[in-house]
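# Structural characterization, general
The chain contents come next:
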Amino acid sequence: MLYDIRLTLQYDYDAPVHGGRHLIRVAPATLPGVQRLVASSLTIDPPPEQHTTFADFFGNAVTAIGLMAPHDHLEVGLSARVQVDDPIPPVDLTPSRSELHAEIERVWSLAPDSPHHFLWPSPRLAAVPAIADYARAVTPQAGSVLDIAQALCLAIHRDFTYEAGATDVETTPAEAFSMRRGVCQDFAQVMIAGLRGLGIPAGYVSGFLRTTPPPGKPRLEGADAMHAWVRVWCGQSLGWVAFDPTNAILAGADHITIGYGRDYADVSPIVGMLKTHGSHEAAQSVDVLLAQ
Amino acid sequence: MRKPSTRPKAPSLISNYRLHPGVPDEMIDPAGNIRPGWSTLMAAFDQLGPAELGARFERADQYLRDAGVFYRAYDGAAGKARDWPLAHIPLLIDESEWSIISHGLTQRAELLEAIIADIYGENTLVARGVLPPELIARNTEFLRPLVGIRPRSGHFLHFCAFELGRGPDGAWWVLGDRTQAPSGAGFALENRVATTRALADIYGDMNIHRLAGFFRAFRDALFAQAGPEGGRVGILTPGQLNETYFEHAYIARYLGLVLLEGEDMLVVDGQVMVRTVAGLQPVSVLWRRLDASFADPLELRYDSRIGTPGMVDALRHGSISMINALGTGLLETRALAAFMPRLCRAVFDAPLELPEIATWWCGQPAEQAHVLANFDKMMIGPAFATNLPVDDPSGTALGSTISGEQRETLIQRIMRDGATYVGQEPVQLSTTPVYLDGQLQPRPVTLRVYAARTEKGWSIMPGGLARIGSTSDTTAMAMQRGGRAADVWVVSSNPVERVSLLPREGEKLLRSPHGNLPSRAADNLIWLGRYTERCEATLRILRAYNARLAELSKADLPILRHCREFLDTIDVDATEPMPLGLLASIDSAVHSASQIRDRFSPDGWLALTDLQNTARRLSEKVTPGSDATRLMTILLRKLAGFSGLVHENMYRFAGWRFLELGRRLERGMQMARITAWLTAREAPDGSLELLLEIGDSVMSHRRRYSVTAGTQSAIDLLVLDPLNPRSVLFQLATLREQIETLPGGIEDGQLSPAARATLSLQTELVIAEPADLTPERLQRLAGDLGALSGLVAAAYFV
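Residues numbered from 1 in each chain as written. Chains lettered and ligands numbered in written order. Predicted model: local features only at pLDDT ≥ 70, side-chain atom pairs only at ≥ 80, totals over all residues.

From N to C terminus, chain B includes 24 helices and 22 strands. Relative to the globule expectation of 28 Å for 798 residues, the C-alpha radius of gyration of chain B, 31 Å, shows essentially globular dimensions. In terms of its C-alpha atoms, chain B occupies a principal-axis envelope of roughly 95 × 75 × 65 Å. Within chain B, the fraction of its 798 residues that count as buried is 48%. (Helix = DSSP H or I, 4+ residues; strand = E, 2+ residues; numbered from the N terminus. Rg over C-alpha atoms; globule rule 2.2 N^0.38 Å. Buried ≥ 20, exposed ≤ 12 C-beta atoms within 10 Å, placed from the backbone.)

Put into structure tokens, the structure is as follows:
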């Protein structure tokens, strides 16, 4: 699948901002065997005085900008072309939960994709006993890790209501869980908290969804904004498998990955520190179209 | 030479010193003999006698109070500042024993460096199976954004501390490592100064290793890292609410470093810059006293409000040296102690020279089983804690003291998630004598020793901080209940080198450049000047008011009412004998000063807090009228003491200029406003006399004009007279001089906006006649001075 992606992030500030720094993570990644970034360009208005790029711990491409002059708005625009390969459906050779534990112990590595990073509470994802209890209740006791992940993915989709505006970026997984509603970020973080509660390594994926569905298929939830889903470590042989709890599917050719993290904080599209007193309004628009 | 005592000989202090059986003591060796050094000290104490000894120890306490040494305790009343609790008798350690400690700690520092460099670099220790990945990946001190960033200096660790205790076998054991932002080195220095105040002659006669050489070598290493053309060298502090802020300010002053907070700095093109009154200046080295995760809200803790956005990016650019590197706090993890012997063998192929407190991490099945089987003989605590067991009253406990349901819950938790627990051998400490009620008593002691990386490798401070328990219980856990700190003397059998931080003969004098003043400090200095001046103005008005109240004894007379109404406009309620508005101004002055302790002499600080204490203490008792008049006079005198100290002793750096600016701005505003009020058409009889008294100009007026005051002559003297140090014009002349001398005040003949505004106001007054200065115009003048203050802020603080 070849996609053209257009993203605009727009911030309007009530009071002029005297200097700000931002980290931007919006460009799709190149992931061998999964997707390839053909071309991308990032535009920033007002033009930042400082502009550098680096790769963060998890390998995500980060653009760091510094705006020194007073400004009353910030607009970040991305246009990118990405080739996404059709995924090969996973064959379930995955271990049980207890076997998985032993497999994790045999991974003597702290490389970015090592499961050890994804088992514990992270900056925006505290351990939530209620979510762990829920995960235990809705998943098969004796199933394989893939079965468990699949069951939890379906259960969240069944029990939670997708509702834009019900939560915001500051909503904790515990709050979203008690309301049983939210957007993709909440669905993903609840699923991650549940899996970690069961001792299964799980991480956060930031990305895009195809805007218009293939003929005859329904339009996916969350396609009009940036999207988030979950990846699960299913043991040494299968490795990481991505699930989209918002749409109750395995992430596939309709999903375009930007980057990975333990939770939203590791891979949020934009984080900034501003010198200002006022508040701001934010707007986002996303188009993900099949390239002509 | 000390004079031989003529007093009747008291029994020797040591004769009543009762050791705990089976517990080693620092003064008395296992054979019952007094150790070298201690015999000299005890003989000297006996010679002084109890009265003189008590007086001398009091001298040490007085020194600490005068120097304003304090620490903040977070328990109880929200971070209340506490006096530093000095135990007066130093801990003496013989040079031969010290060299074992020193050697062992050098090995340990090298080992810690190798471990942390590997964790943030190649990660071979995990790959080889020496370090379990969970211990790192689950650790909040493992800062992922720092992985792969090589420190600019080539090293992660530059300054470490180690907590030691002497075990029952007589050997020193390592109880913990401090690598994040070790505190206490400044307190060790202050302990030395205080102790030698009391025992100068004894100290002089004994061969005690000096501390200055250690600090000198470390300072030289810091400046060497900045390089010849380098930027500033600073101390990064979390700010004045931190428990050891005093120490940060003290060390900054002692070593000549800039004291910086996160918001003083910003990152421009990968370079850390400090906002100073002379614009942005590069910073090359930061000695960090801030926990690493707070250092950058963009890449580390996103909720940090005391960091510098972009700091990690600057480290990635290699433009700044961080002492110690961000992420080194990981080495303080308690469970790591379980792996140190193994790590030492893996890295150096050698055993640890100094033994380590035996530790079992319950994240491994065999170790977990061992801890559960020996539960009662263990100290159980959180595996990922970074504090020392002795500093962790809530989290760590002896297994034998936990019973009932609590015990069951803990055992269940260890079985379910053992990785979060460690069992440690309970430490028994040695005792050292303290002087209590005229007697020597043994108290448990731990020793904190400091190591600094210098140009010649690791240097161990010959001395340190002894922490002494408050009860005679010698289990390490008892130290949680707080205690005292003592100086540590390393005793040599040969004369020692005397070092000071002053430049040696033939050495180039290091002058720090002007324009070093951080904007935040300048802002605080202005406000300190303004608040002290506001206090003075308020005190003068209150004194004049209360004097009249005492004289006339009728509060509803027009002149008193008029005066009260004015005070009301500045939020001072004259019906209170000690108005809250005045106390608030005094508190604000102290608060401003407390944020810039590094720029003050201890005497200045003492004068200011003395003013605050007196005002607070007397505010309850004072009654209106003559009593209040007397009090205001006392407070004015104390305030004059502060101003005098500042005026006579403060170096005429940019910092002094800002303090002076604040004073002059406030005095000009206050004088213009009170003059407007008391020369108003509706002002009652006696207003002009009151005005002259408030303006401290009764005598001058008598000399220059006549005995009776007229509106014109009062205005002439208090507003337009260029020679009266209380007049508005005098303030403007001084302001102009200061503002023009500030960085950018005049550039290429062009006046800065603040300088232009000052000149224009001054000119206006120079050509004005007393009759021109109506109350309305005087009010406008006060407003213009306020606007001038805004122009200064815009130029130097934004």
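Next comes the rest of the description.
The next subject is the overall build of chain A. A count of helices and strands for chain A gives 6 helices and 15 strands. Here the C-alpha atoms of chain A give a radius of gyration of 19 Å, agreeing with the 19 Å that 2.2 N^0.38 yields for 292 residues. Looking at chain A residue by residue over its 292 residues, the buried ones come to 42%. Residue pairs in contact within chain A that sit at least 24 positions apart in sequence constitute 74% of those at least 6 positions apart. (Contact = placed C-beta atoms within 7 Å.)

Residue and element names in this part refer to chain B. At their nearest, the axes of helix α1 (residues 38–67) and helix α5 (residues 185–198) sit 7 Å apart, and the two run at 140 degrees to each other. Taken together, α1 and α5 sit at an angle that is classed as oblique. The chirality of how α1 crosses α5 is right-handed. On α5, the residues that touch Arg56, Phe57, Arg59, Ala60, Tyr63, Leu64 and Ala67 of α1 are Glu190, Val193, Ala194, Thr195, Arg197 and Ala198. Among the residues forming the contact of α1 with α5, the class breakdown is 8 nonpolar, 1 polar and 4 charged. (Axes fitted to C-alpha atoms, helices over the stretch in contact; angles between N-to-C directions. Parallel < 35°, antiparallel > 145°, perpendicular 65-115°, else oblique. Left-handed = near helix turned anticlockwise from the far one by under 90°. Nonpolar A, V, L, I, M, F, W, Y, C, P; charged D, E, K, R; others polar.)

Looking now at the packing of helix α2 (residues 129–138) of chain A against helix α5 (residues 184–197) of chain A. Residues and elements named next belong to chain A. With their axes 8 Å apart at the nearest point, α2 and α5 run at an angle of 75 degrees to one another. On the basis of the axis angle, α2 is roughly perpendicular to α5. On the side of α2, the interface is formed by Ile131, Ala132, Tyr134 and Ala135, while α5 contributes Val190, Ala193, Gly194, Leu195 and Gly197. Across the contact of α2 with α5, the residue classes tally to 7 nonpolar, 2 polar and no charged.

The next thing to look at is the sheet that holds strand β15 (residues 421–424) of chain B. Residue and element names in this part refer to chain B. In space, the 4 strands of this open sheet follow the order β12-β15-β13-β14, with antiparallel pairing throughout. Of all strands in the sheet, those bounded by a partner on one side alone are β12 (359–361) and β14 (397–398). The pairing of strand β13 (residues 379–382) with β15 spans 4 bridges and is antiparallel. Note that in β15 the partner of Ile380 across the bridge is Gly423. (Pairing = 2+ DSSP bridges.)

Looking now at the nonpolar core. When a protein is soluble and globular, its nonpolar side chains tend to lie buried together. Residues and elements named next belong to chain B. Counting residues in hydrophobic clusters, the biggest one holds 146 residues, and the most contacted among them are Ile116, Leu164, Ala335, Val449 and Ala466. Ranked by the residues each element gives to this core, the list is headed by helix α2 (residues 95–119), at 9 residues. Looking at which domains feed residues into this core, each of domain 1 (91–147 + 157–162 + 175–330 + 443–491) and domain 2 (358–424) supplies at least three. Filtering out sequence-adjacent residues up to four positions away, Val449 remains in contact with Ile101, Leu105, Ala161, Phe162, Leu164, Ile460, Met461 and Gly464. Core analysis: the next-biggest nonpolar cluster, separate from the first, contains 84 residues, Leu517, Leu639, Phe730 and Leu742 among them. (Core = buried A, V, L, I, M, F, W, Y, C linked by C-beta atoms within 7 Å. Domains from an automatic or database assignment.)

Phi is mostly negative for residues that are not glycine, and the peptide bonds are mostly trans. Here Asp45 of chain A and Pro46 of chain A are connected by a cis peptide whose omega angle stands at 0 degrees. A cis geometry characterises the amide bond from Ile323 of chain B onward to Asn324 of chain B, with omega recorded as -10 degrees. Relative to the helices and strands, Asn324 of chain B resides in the loop between β11 (321–323) and α10 (340–348). Non-glycine residue Asp269 of chain B carries a positive phi angle of around 50 degrees. Structurally, Asp269 of chain B is set in the loop between β8 (265–268) and β9 (271–276). We note that Asp748 of chain B has phi near 50 degrees; this positive angle belongs to a residue other than glycine. Structurally, the position occupied by Asp748 of chain B is in the loop between β21 (746–747) and β22 (750–751).

All names here are of chain A. An order of β4-β5-β2-β14 is seen for the 4 strands of this open sheet, with the pairing classed as antiparallel. Among the strands making up the open sheet, the edge pair consists of β4 (50–55) and β14 (270–274). Sheet twist, expressed as the mean angle between neighbouring strand axes with direction ignored, is 15 degrees. For strand β2 (residues 20–24) and β14, the ladder comprises 5 bridges, and the chain directions are antiparallel. Pairing of Gly20 across the sheet is with Leu274, part of β14.

Attention shifts here to the interface of chain A and chain B. Across the contact, 22 residues belong to chain A and 23 residues belong to chain B. Among the secondary structure elements, those contributing two or more residues to the side of chain A that touches chain B are β2, β4, β5 (61–67) and β14 of chain A. In terms of residue count, the dominant contributor to the side of chain A that touches chain B is β4 of chain A (3 residues). For the side of chain A that touches chain B, the residue count by class is 12 nonpolar, 8 polar and 2 charged.

Here we take up the domain arrangement of chain A. Residues and elements named next belong to chain A. The domain architecture assigned to chain A consists of domain 1 (2–85 + 269–290) and domain 2 (97–266). Averaged C-alpha coordinates put domain 1 and domain 2 at centres separated by 24 Å. Taken residue by residue, the interface counts 21 residues in domain 1 and 17 residues in domain 2. Elements with a contribution of two residues or more to the side of domain 1 that touches domain 2: β1 (2–17), β6 (71–84) and β15 (280–290). With 5 residues, the top contributor of residues to the side of domain 1 that touches domain 2 is β15.

This part covers the domain arrangement of chain B. One can read the domain layout of chain B as domain 1 (91–147 + 157–162 + 175–330 + 443–491) and domain 2 (358–424). Distance from the C-alpha centre of domain 1 of chain B to the C-alpha centre of domain 2 of chain B: 29 Å.

Quick look at the environment of Glu95 of chain B now. Residue and element names in this part refer to chain B. By secondary structure assignment, the location of Glu95 is in helix α2. According to the C-beta neighbour criterion, Glu95 is partly exposed, with 19 such atoms within 10 Å. Along the backbone, Glu95 and Ser492 are 397 residues apart, and their C-alpha atoms lie at a distance of 5.2 Å.

Bringing the environment of Gly318 of chain B into the picture now. With respect to the secondary-structure elements, Gly318 of chain B resides in the loop between α9 (311–316) and β11. C-alpha of Gly318 of chain B to C-alpha of Arg150 of chain B: the two residues are 168 residues apart in sequence and 8.0 Å apart in space.

On to the pairing of strand β10 (residues 279–288) of chain B. Within a regular strand, side chains alternate between the sheet's two faces. Residue and element names in this part refer to chain B. Here 5 bridges tie strand β6 (residues 232–236) to β10, and the two strands are oriented parallel to one another. By the bridge assignment for β10, Gly234 is matched with Leu286. Pairing of β9 with β10, which is carried by 4 bridges, proceeds in the antiparallel orientation. For Val274, the partnering residue across the bridge sits in β10 and is Gln281. Connecting the antiparallel pair β9 and β10 is a turn made up of 2 residues. As defined by bridge partners, β10 adjoins β11 across 3 bridges and the pair is classed as parallel. Along β11, the bridge assignment pairs Val285 with Ser321. In the classification by handedness, the crossover that spans β10, the intervening α9 and the parallel β11 is right-handed. (Right-handed = clockwise from strand over helix to strand, strands pointing away.)

All names here are of chain B. Inspection of the secondary structure puts Gln424 in strand β15. Exposure remark for Gln424: the 23 C-beta atoms within 10 Å place this residue in the buried category. Spatially, the C-alpha atom of Gln424 lies 9.3 Å from that of Ala337, the residues being 87 residues apart in sequence. If near-sequence neighbours (up to four positions away) are discounted, Gln424 is found in contact with Ile357, Ala358, Thr359, Met378, Met379, Gly381 and Pro389.

For the rest of this paragraph, the subject is the pairing of β1 of chain A. Residue and element names in this part refer to chain A. The pairing of β1 with β6 spans 12 bridges and is antiparallel. In the sheet register, Tyr3 faces β6, and the bridge partner there is Val82. Of the strand pairs in this sheet, β1 and β15 are connected by 11 bridges, and their pairing is antiparallel. Of the residues in β15, the one forming a bridge with Arg6 is Asp287.

Another aspect to go through is the confidence of the model for chain B. A low pLDDT score tells you not to read the predicted coordinates there in detail. All names here are of chain B. The predicted model of chain B averages 89 in pLDDT, with 94% of residues at 70 or higher. Here residues 1–8 is a poorly scored stretch, pLDDT under 50, and it has 5 contacts once near neighbours within four places are set aside; other chains count. Of the regions scoring below 50 in pLDDT, residues 74–79 engages in 4 contacts with residues more than four places distant in sequence or in other chains. Confidence metrics for the complex model read pTM 0.86 and ipTM 0.95. (pLDDT = per-residue confidence, 0-100.)

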